[in-house]
Amino acid sequence: VPTPEGMKIEMRSFDKNNLSKEEINQLLQRPIIKADEIIDIVKPIIDQVKLHGDSAIKELTSKFDKVDLDSVVLTAPFTIPKLNENVKNSIDLAYNNIRKFHEAQLTDPITIETMPGVTCSRFSRPIERVGIYVPGGTAVLPSTALMLGIPAQVAGCSKIVLATPPAKDGSIAPEVLYVAHLIQAHSVVMAGGAQAIAAMAYGTETVSKVDKILGPGNQFVTCAKMIVQNDIMAMVSIDMPAGPSELLVIADMTCEPSYVASDLLSQAEHGPDSQVVLVGVNLTNEMQAEISKQLDEQANKLPRVGIIRHSIPKSFSIQFDNYEEAMEFSNNYAPEHLILQTAEPDSLVPKVLNAGSVFVGKYSCESCGDYASGTNHTLPTYGFARMYSGVNTSSFQKHITSQKLSKEGLQSISNAVMTLAEVEGLDAHRNAVYIRVKDN
Ligand code: HSO
Ligand code: ZN
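Everything quoted here is computed from the prediction, not taken from an experiment.

Undergrad: Even after reading the chapter, I still don't get the overall build of the chain, so can you show me in this structure?
TA: Looking only at helices and strands, one finds 15 helices and 15 strands in the chain. C-alpha extents for the chain along the principal axes are approximately 90 × 60 × 45 Å. Every one of the 440 residues in the chain was classed for burial, and the buried ones make up 48%. Long-range pairs, those at least 24 residues apart, make up 77% of the contacts in the chain between residues at least 6 apart in sequence. Accessible surface for the chain amounts to roughly 21500 Å². Of this, 54% is attributable to carbon and sulfur atoms. The distance from the centre of the 37 positive side-chain charges to the centre of the 50 negative ones in the chain is 6 Å.

Put into structure tokens, the structure is as follows:
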């Protein structure tokens, strides 16, 4: 239930000592996504785009975004309206930091001799055509265009297609266009939702078909990505499944209550489903009350307080007796973002097993990572931090292996290969070795 206007905006609060194991497990659960209902809506949209291409995109954009498009695609070079100098410089600063960090992720080829004369290598190549999805909705997100476009550019993708829904007047935000220019995008698809995903997966008269689609989005976008990934005829992959955005803060008595509250709110303002969690280590009642007071006070001054009235009541704080328990809870929750506001935050980092990205110490707010420090903000949500990494340079690459055997190398490995081929009953395999070594 959203908090009505005039009522205190607060999280539910728990102490692990008053909870059963089941109740703690319950808190780790994310909101249930009604996948079937969403599939029923998304599937026909995908089929429509597959069948009717651009005309379907125009029809759906008119229906959902209330925009009548003359053409679906803007192709580089883009005409960029003049940006405010400070905005331009800020985008440039973010671009440079994100670029540096993602360039550092480029890996050298590996070559090793596994045994004399048997050389194995691995090298990377860019995925050629990539589609990056920049959500519209309640906020314009040039930062997401940076986070997806820069690693694509660094990896060397030859065609970057950016899709984003147009504003009510049919335009694309100048900041997003400027980023499209910086990342050397090939084209901008002026569409959002499942229709944009379908257009990039299958291609239309004017939208280029891509090999991989990356980027955050609402439930319809995510569902569309999952469907096209499973359609072998589309021959396209995606970055990861996604749910609503989330943050977990671990705080002890050395934390700054106003900072903690500001961090929780920065994630809570994203959307009504955003979930924020405060994990306290031995916080006194006074400290908990101070954080709660700060949260309410700061929230009520924010333009997006309406969204926060939905997200904060769904969120919670939970108290633990020591750092080990707090870390265990965090690892089980596997948050998209983890902030450590404790006396010795560095000492907790080695204990992080599951998280999308970690913010160490009280000056490391999530906002810095969201925009400009260098790390990527496209991160696994919904507990998928257990097995997925956030978007990074290798998200835009394939790793190819190669090998070279000398005559002597083949000789020394031949018995093992022929024996294993026999075990598997695959005689042609055995023969490919035998035919080469029999005369020696
Ligand atoms: N916190 C978001 C990313 C973002 N923040 C974009 C601001 N703009 C990802 O969970
Ligand atoms: Zn954010």
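Undergrad: How should helix α9 (residues 285–300) be read in this particular structure?
TA: Since the α-helix packs 3.6 residues into each turn, any two residues three or four apart lie on the same face. Counted at 1.5 Å a residue, the expected span for α9 with its 16 residues is 22 Å, and the 23 Å between its end C-alpha atoms agrees. Met287, Ile291, Ser292, Gln294, Leu295, Asp296 and Ala299 are the residues of α9 that are buried. Looking at the packing, one finds that the buried side of α9 touches α8 (257–268), β11 (275–281) and α10 (305–314).

Undergrad: Quick question: what am I supposed to make of the packing of aromatic side chains here?
TA: To describe a pair of aromatic rings, you give the distance between the ring centres and the angle between the ring planes. Tallied over the full model, the rule gives 5 aromatic pairs. Considering the side-chain rings of phenylalanine 316 and phenylalanine 329, the 6.3 Å spacing of their centres and the 90 degrees angle between planes classify their relative orientation as edge-to-face. Of the two residues, phenylalanine 316 sits in strand β12 (residues 316–320) while phenylalanine 329 sits in helix α11 (residues 323–333), which places them 13 residues apart along the sequence. Judged by its relative accessible area of 1%, phenylalanine 316 is buried. The exposure class of phenylalanine 329 is buried, given its relative accessible area of 3%. Summarising the aromatic geometry, the rings of tyrosine 382 and phenylalanine 384 are spaced 6.4 Å apart at their centres and angled 25 degrees between planes, so their arrangement reads as stacked. Given a relative accessible area of 24%, phenylalanine 384 falls into the partly exposed group. Through successive ring pairs, a cluster of aromatic residues spans Phe14, Phe316, Phe320 and Phe329.

Undergrad: What is the right way to look at the site of ligand 1 in this model?
TA: Around ligand 1, the neighbouring residues are Leu141, Ser143, Ser245, Gln267, His270, Glu336, His337, Glu366, Asp370, Tyr371 and His377. Taking histidine 270, its side chain carries an N or O atom lying 3.0 Å from a nitrogen atom of ligand 1. The separation between an oxygen atom of ligand 1 and a polar side-chain atom of glutamate 336 is 2.9 Å. Relative to its unbound accessible area of 290 Å², ligand 1 is 91% covered by the protein chains. It is helix α13 (residues 366–371) that contributes the most residues to the shell around ligand 1, 3 residues altogether. When its residues are assigned to classes, the shell around ligand 1 shows 2 nonpolar, 6 polar and 3 charged.

Undergrad: In this structure, what is going on with the coordination of the zinc ion (ligand 2)? I would like to understand it.
TA: Note on metal geometry: ideal angles are 109.5 degrees for four donors arranged tetrahedrally and 90 or 180 degrees for six donors arranged octahedrally. All of the protein donors around the zinc ion (ligand 2) are His270 (NE2) and Asp370 (OD); their distances to the metal are 2.1 to 2.2 Å. Coordination geometry of the zinc ion (ligand 2): the 4 donor atoms subtend angles of 90 to 173 degrees at the metal centre, consistent with an arrangement described as irregular. Residue histidine 270 is found in the loop between α8 and β11, and its partner aspartate 370 is found in helix α13; the two are separated by 100 residues along the sequence.

Undergrad: So what exactly am I meant to see when it comes to the pattern of salt bridges here?
TA: A side chain with one charge can pair with a side chain of the opposite charge if their charged atoms come near. Inspection of every chain in the model, using the stated rule, returns 13 salt bridges. As a salt-bridge pair, aspartate 231 and lysine 50 come within 3.6 Å of each other at their nearest N and O atoms. Taken together, the residues span a long stretch of sequence, with aspartate 231 in the loop between α7 (219–230) and β9 (237–238) and lysine 50 in helix α2 (residues 35–65) at a distance of 181 residues. For aspartate 231, a relative accessible area of 16% corresponds to the buried category. Exposure remark for lysine 50: the relative accessible area of 44% places this residue in the partly exposed category. Ionic pairing is found between aspartate 92 and lysine 88, a salt bridge with its closest N-O pair at 3.0 Å. Taken together, the residues aspartate 92 and lysine 88, both in helix α3 (residues 85–103) and 4 residues apart, mark about one turn of the helix.

Undergrad: Can you help me understand the packing of helix α6 (residues 193–202) against α7 in this one?
TA: In a packed pair of helices, the relevant descriptors are the angle between the two axes and the axis-to-axis distance. Across the interface, α6 lies against α7 with an axial gap of 8 Å and an inter-helix angle of 25 degrees. Between α6 and α7, the angle falls in the class roughly parallel. In terms of crossing hand, the pair formed by α6 and α7 is right-handed. Across from Gly193, Ala194, Ile197, Ala201 and Tyr202 in α6, the residues of α7 making contact are Phe220, Val221, Ala224, Lys225 and Val228. In terms of residue class, the contact of α6 with α7 is built from 8 nonpolar, 1 polar and 1 charged.

Undergrad: Help me understand empty space enclosed by the protein, please; the structure alone is not making it clear to me.
TA: If a probe the size of a water molecule is rolled over the atoms, the empty space left behind becomes visible. In the structure shown here, the tally under the stated rule is 1 cavity of 30 Å³ or more. Reported here for the largest cavity is a volume of approximately 30 Å³. Around the largest cavity, the lining residues are Arg30, Pro31, Pro244, Ser245, Glu246, Asp273, Gln275 and Tyr382. For the lining of the largest cavity, the per-class residue count stands at 3 nonpolar, 2 polar and 3 charged.

Conventions we followed
- Residues numbered from 1 in each chain as written.
- Chains lettered and ligands numbered in written order.
- Predicted model: local features only at pLDDT ≥ 70, side-chain atom pairs only at ≥ 80, totals over all residues.
- Heavy atoms only, no water.
- Helix = DSSP H or I, 4+ residues; strand = E, 2+ residues; numbered from the N terminus.
- Buried < 20%, exposed > 50% of the residue type's maximum accessible area, 1.4 Å probe, protein only.
- Contact = heavy atoms within 4.5 Å.
- Areas by Shrake-Rupley, 256 points an atom, 1.4 Å probe, with all protein chains shown as cover.
- Lys, Arg positive; Asp, Glu negative; His and termini not counted.
- Charge placed at Lys NZ, Arg CZ, Asp CG, Glu CD.
- Expected span 1.5 Å × (residues − 1).
- Phe/Tyr/Trp six-rings, centres within 6.5 Å; stacked < 30°, edge-to-face > 60°.
- Near = heavy atom within 4 Å.
- Polar contact = N/O pair within 3.5 Å; in protein donor to acceptor, adjacent residues only side chain to side chain.
- Nonpolar A, V, L, I, M, F, W, Y, C, P; charged D, E, K, R; others polar.
- Donors = N, O, S within 2.8 Å, 3.2 Å for Na, K, Ca; no water.
- Tetrahedral: all angles 85-135°; square planar, octahedral: opposite > 155°, others 65-115°.
- Salt bridge = Lys/Arg side-chain N within 4 Å of Asp/Glu carboxyl O.
- Axes fitted to C-alpha atoms, helices over the stretch in contact; angles between N-to-C directions.
- Parallel < 35°, antiparallel > 145°, perpendicular 65-115°, else oblique.
- Left-handed = near helix turned anticlockwise from the far one by under 90°.
- 1 Å grid on protein atoms, 1.4 Å probe; cavity = no way out; pocket = protein on both sides within 12 Å on 5 of 7 lines; lining within 4 Å.
- Points joined across faces, edges and corners; volume = space filled by probe spheres on them.

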